[in-house]
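Geometric and topological summary
This is what each chain is made of:
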Amino acid sequence: MSARLVTRMPAEDGTRPAAVAGPGTDTGSGAALTSAPAAAPEMAAGVTEVHGTAEDLQGVLFAGGTGPRPAAEGFEDADAVAAAVEGAATSMEVSGGVVGTEADGAGGVRVDTTVVAALADALSGVAVDLGFALAGMAPLAVELELWSLSGQPQAAHATALAGLVAMDLLGVVEEVAATGGRLLLAQLRYATLEDALTGAFSRAALETPLGAVGSSVVREVSRTAEDVDVALARAGIDSPEEFGRKVEFTAFGIIVRGGGPRGTDALIRGIGLDDIADAALRVPLGGTGDGTGDDDAPASGTGAGRAPSSGGVTLGQYLRSRAVEMLSAYGHPEGTVNDAADGTAGGAAGTGEKDVLAAAGGILAPVVAALMLDAPGVTRWYTAWRTGRRLRPAEVAERAVTHNLRPWLTAQALRPATREVFTGLTPANAAAHRMTGMDRRPLPAGVENPGTIPTTVAGTAAALKDAKNIVSGAGPDGKPVENSTVMVQKAVDEQGRRTFSVVLTGTEEWVDSPGVHDLKGIAEGMTARADAPLTELPQAQRMAVQALQDAGIQEGDAVVLSGHSLGGIDAAGLAANTQFRGRYDVEAVTTYGAPVGDFAIPESTSVMAVEHVNDVVPALDGVANPDSGHRSTVRLSTPYASALTGDSGFTGVGAHDMNLYAVGSQGISQSHHPAVAAHEQRLADVVPHGAGTRTETYVYEGWEEH
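A brief report on the enclosed structure follows. (Residues numbered from 1 in each chain as written. Predicted model: local features only at pLDDT ≥ 70, side-chain atom pairs only at ≥ 80, totals over all residues. Heavy atoms only, no water.)

**Section: the packing of aromatic side chains**
This is how the line gets drawn: Note on ring pairs: Phe, Tyr and Trp rings are taken, using the six-membered ring of Trp, and paired if centres are within 6.5 Å. Classes follow the plane angle, with under 30 degrees stacked, over 60 edge-to-face and the rest tilted. Relative accessibility thresholds used throughout: buried, under 20% of the residue-type maximum; exposed, over 50%; partly exposed, between the two (1.4 Å probe, protein chains only). Here a helix means four or more residues in a row that DSSP labels H or I, a strand means two or more in a row labelled E, and each is numbered from the N terminus. Here, over-ring charges are defined by two tests on the NZ atom of lysine or the CZ atom of arginine: distance to the ring centre within 6 Å, and angle to the ring normal within 35 degrees.
On inspection of all chains with the given rule, the structure shows 2 aromatic pairs. Measuring from ring centre to ring centre gives 5.1 Å for Phe580 and Tyr584, while their planes differ by 70°; the resulting arrangement is edge-to-face. For Phe580, a relative accessible area of 0% gives the class buried. The class of Tyr584 is buried, set by a relative accessible area of 8%. When the centroid spacing of 6.3 Å and the interplanar angle of 70° are considered together, the rings of Tyr592 and Tyr661 count as edge-to-face. With Tyr592 in strand β11 (residues 585–592) and Tyr661 in helix α20 (residues 658–671), this residue pair connects regions lying 69 residues apart in the sequence. Just as Tyr592 is buried, Tyr661 falls in that class too. Positioned over the ring face of Phe62 is Arg441, at 4.9 Å from the centre of the ring.

**Focus on the pattern of salt bridges**
Opposite charge on two side chains lets them pair, provided their charged atoms get close. Where we set the bar: A side-chain nitrogen of Lys or Arg and a carboxyl oxygen of Asp or Glu constitute a salt bridge if their distance falls within 4 Å.
In the structure shown here, the tally under the stated rule is 26 salt bridges. Glu93 serves as the salt-bridge partner of Arg635, at 3.6 Å between the closest nitrogen and oxygen. You can see Arg635 sitting in strand β13 (residues 631–636) and its partner Glu93 sitting in strand β3 (residues 93–96), a full 542 residues away along the chain. Arg682 is the salt-bridge partner of Glu587, the closest N and O atoms lying 3.2 Å from each other. Here Glu587, found in strand β11, pairs with Arg682, found in helix α21 (residues 674–686); they are 95 residues apart in sequence, far enough to count as distant. Here Arg682 falls in the partly exposed class, since its relative accessible area comes to 25%. Taken together, the shared-partner salt bridges in this structure form one network comprising Glu49, Arg419 and Glu705.

**Considerations on the pairing of strand β14 (residues 694–705)**
Definition in use: Pairs of strands are assigned from DSSP output, requiring at least two bridges between the strands.
Across the 12 residues of β14, 10 count as buried, placing the element largely inside the fold. Note that strand β7 (residues 419–424) and β14 share 6 bridges and pair antiparallel. Along β14, the bridge assignment pairs Gly424 with Tyr700.

What follows is the structure, given as C-alpha cells:
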C-alpha cells in the first residue's frame, strides 16, 4: 500500500469521526499530501490520519484542583519518602559531566576471612596469656606490700613499681581483647558482604568467564560494599552482639535495622539480574563496528544515532538486531510460518519464513560464543554447523529451537500498520479522551509538579510521572485505557523568548498493541536510523513532531526532551536525528531508566541519564553510556517495596517504576553535585520560568490498525 495522508477534524463529541478525506486529498493516486495545518509526517506504507490539531490544554490539565493531590500507591508515607530522598542523595554515583569520566576498574581488595578469624583467635590467646601473667604477679605484689611495712624506702619503691606494671599489663590485656573483638566484628562484616554480593549464586558460578566479565559487576560489588558499611555505621553496630541483633540475611541481600536514613531499615541487595544482564550483554563479539567484521554481526553504527564502537559489536547489540528481525518477519503476511519449517509438510518455505528461520538460527551464534566459552564440545558443534560440516545434528537442533520459538514469535510479532490515527486533543474533546486534571493525578508524598516546564532533574521526573497519569480510567469494554499520548509544552517569557519541552512516557504494553507505547515502539525506537527523515520516525516521535508544529515551533527554536523507559529511547532518538537537529536547537535531554548508551548525541546538547542501580532496563542496549563533558550518568539507589522478594528482588522490576525515579530524583537535585548542577543550569538557562512566564500544553493520542 502506498503512503497517503488524510487530515480530519474531530467530531463534536470528541469521538473518532468516520473516514473522510481532507480537502485536496488524492484518494486515487496515493500521492502523499503534507499541506494543511494538521499535516503529520506520513507513513512509509498505509494511511496516516490526523484528527485535527492539538490545542492548548494547560488549563484543563494543570489548573488548580479542589483538594490535595492523592499520593501514589506505596509512596503515601511522607517520612519514608523523605528518608528515601536523603538516601538517594547520599548514595548516588555520577560519571561523566563536568567532573570528567570515571574509568571502570577491576581492582579491589581481597579479604580472606579465615585469616581474620585466625588473628582474632591468636589475639584472644595473647589476652589469656597476659591474664595469666597478671595473675602470676599478684603474689609478688602482696609480698612487696608486706616488705614495705618495714619502712625500707627500696621496698616501698618496688611496691609502687609493681602496681604500675600490673596496671599497664591490665591495660594491654584490655586493648588486646578489644582488638580481637573488633577483628571478630570485621569478620562478620565481610561475611555479610559476601552474602549480600553472592546472594543465591555459588562462587564457582561467579568465577566463570561470564561471571567475571563486565565492569558493571565490579562496580556493583564496590557499591554494595560501601552500602553495607554505611548501613552498619548508621545503625551504630559496634559489637558482635549488636551485629547479630540488627542484621538480617535474606536470599537476595541483607536488611540492616536502623541502617537507613532517618532511622529507617536499610535494604541492600547484592548482584541481581540487572548486573548479570549488563555484564553479559556487553560481551564483545568481534567486528569493527563499521560493518567489516563478522558477517552475522550488524555494525554498531547502524540504528538511531548509533555511535561506532571501537570494541566492535556487543552481544546486546547483536541480539537486539536479530530479535527485531525475527519479530518483524513473523509480522509480515508473507512470513507466515507453516509446517514446512521442519520438513514435515507444505513444501518449500516462503521467503519471509526462510528469513525468520535464518534469524532464529543466527541468534544462537553469540549466545553460544558468550555463554559457553569453556565448553569445547559446544564450540566444535557450532563450528561444524556454521561451516557446513556434520550439518545433520546442528540442523536438527536448529529446527527444534525454531519450532519451540514459533508460538512465542507468532504472539509477539511486530505487524506493519495499515492505518494509524493521530488525534489532537482540545479542551472540547478532553473529557471524551479521559484527560484528568492535576488534582486526580497521584505523585509520591512530598513530590510536586505545578505543571510548568521544570528546570531540575527532580521536576522533570515529576512532570514525566504526571504525563503518564493524564489519561486514566477504563474504555467502553471496561479494560484499563492504554496511555498512548505524547505531551509538548511551550514556555514563553515576557520578552517573547520561548522554549518547547517534549515529554515522552514509557511502555504500556509488551506486545504489538493498538497503541504506540508498546513492543513495536521499542523495536522501532532502538533501530531507527539517525539519518531517517521525520516522516519515517517511530510513531511516538512523529506525534511529538506534530505536537511541536501545532504549538507553533519555528526553525531554530530551542527544544528540551525528557523520557522514561521507551520514552527515553524516543527522546534520545529525536536528539540524535540529524533532520530534527537541523531544524531545532536541541539543548538538553534527560532520561530515566532508559537504554540510551547507543545513541550518538552531539556535544552541543547536555545529556543526563538517570538509572536505578537495580533496574535491568537500562542495560538492554548492551553498551555503556558514553561519559564526556556534555554527557553524564547518575546511578542511584532508592529502597522500594518488594526489593528483597523473590519476584522483584532479583529481577529489579520494581526499580523501573517511574514513581521510584520521581523520589530518587528529588535526592539528585538536592545533592548539588557539579554534573547535576551543570545540567540543571542548562535547563534553567534555556527554559523560561518564574513570574510572567506563560505555559501552553499540547497532547496527541495515537493508535494503529494492523
